[in-house]
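# Tertiary structure, described
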Amino acid sequence: MEKKESSIDIYRLFAQIMKLSFAEAFPHFHELRMHPAQADLLEIVYQNPGITQSLLAKMLYIAPSTVAISLNRLEESGYVYREKGADKRKSLVFLTDQGMQVVDTIADLFRQLDQQFTAMLAPDEIQTLSALLHKIRDGFALSRIGACENTPAVQAPPLQDIIIKKGTRNV
């Protein structure tokens, strides 16, 4: 009897791919004095100078305390700095000059890793894989932020737009 592939098998396969990918990426990020997971944080700050820590947490789908720890480490590395907002209760996050440079380095590194990751795929397979991964990621993210389900006739706004509009809601 042939074993039927289940979602558990897909999840395990995905987890194995992520472990292999992480093992490939980690040495490069270690040289930059940062964790690979902090790359997205820097990219978001680059695109949104003066973003609040709470909105960063929502956009990264992580706890605010995790963002605070990452920001402390990135401040120590000289990549970001924080300023108090107008109401003094919120910290606004900005990149330093060194942080701006490392964002460019990370973009180059991600292009390299993307090429390695997809080297055995044809261009149409890469597009299909990308579309499926976005669909999975967006589905998980939408369920976490409590967004309404979209119907096939309605084009969903970009995920970050939804998060920004709901910026004051808890994730």
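Right, let's get into the overall build of the chain. In terms of helices and strands, the chain carries 7 helices and 3 strands. From first element to last, N terminus to C terminus, the chain shows the α and β order α-α-β-α-α-β-β-α-α-α. Burial status across the chain gives 29% buried among its 171 residues.

With that settled, consider the packing of helix H2 (residues 38-47) against helix H4 (residues 64-76). Contact geometry for H2 and H4: axes closest at 11 Å, N-to-C directions at 80 degrees. Looking at the two axes, H2 sits roughly perpendicular to H4. Contacts between H2 and H4 involve Gln38, Leu41 and Leu42 on the former and, on the latter, Val67, Ser70, Leu71, Arg73 and Leu74. When the residues that make up the contact of H2 with H4 are grouped by side-chain class, the tally is 5 nonpolar, 2 polar and 1 charged.

With that out of the way, let us pick up the sheet that holds strand E3 (residues 91-95). Pairing between sheet strands relies on hydrogen bonds along the backbone, with the strands arranged either parallel or antiparallel. In spatial order, the strands read E1-E3-E2; together these 3 strands make up an open sheet with antiparallel pairing. The open sheet terminates on both sides in strands that have one partner only, identified here as strand E1 (51-52) and strand E2 (80-84). When E1 meets E3, the two strands line up antiparallel, connected through 2 bridges. Looking across to E3, one finds that threonine 52 is bridged to leucine 92. Together, E2 and E3 form the strand contacts of H4, whose direction differs from that of E2 by roughly 120 degrees.

Strand direction decides the pairing type here: E2 and E3, joined by 5 bridges, are antiparallel. Looking across to E3, one finds that lysine 84 is bridged to serine 91. Counting the residues that bridge the hairpin from E2 to E3 gives 6 residues, and of these lysine 88 lies at a positive phi of roughly 65 degrees.

To continue, consider the packing of helix H3 (residues 53-60) against H4. With their axes 9 Å apart at the nearest point, H3 and H4 run at an angle of 110 degrees to one another. Put simply, H3 runs roughly perpendicular to H4. For the pair formed by H3 and H4, the contact residues are Gln53, Leu56, Ala57 and Leu60 on the first element and Pro64, Val67, Ala68 and Leu71 on the second. Partitioned by chemical class, the residues of the contact of H3 with H4 number 7 nonpolar, 1 polar and no charged.

Cut-offs used in this document
Residues numbered from 1 in each chain as written. Predicted model: local features only at pLDDT ≥ 70, side-chain atom pairs only at ≥ 80, totals over all residues. Heavy atoms only, no water. Helix = DSSP H or I, 4+ residues; strand = E, 2+ residues; numbered from the N terminus. Buried < 20%, exposed > 50% of the residue type's maximum accessible area, 1.4 Å probe, protein only. Axes fitted to C-alpha atoms, helices over the stretch in contact; angles between N-to-C directions. Parallel < 35°, antiparallel > 145°, perpendicular 65-115°, else oblique. Contact = heavy atoms within 4.5 Å. Nonpolar A, V, L, I, M, F, W, Y, C, P; charged D, E, K, R; others polar. Pairing = 2+ DSSP bridges.

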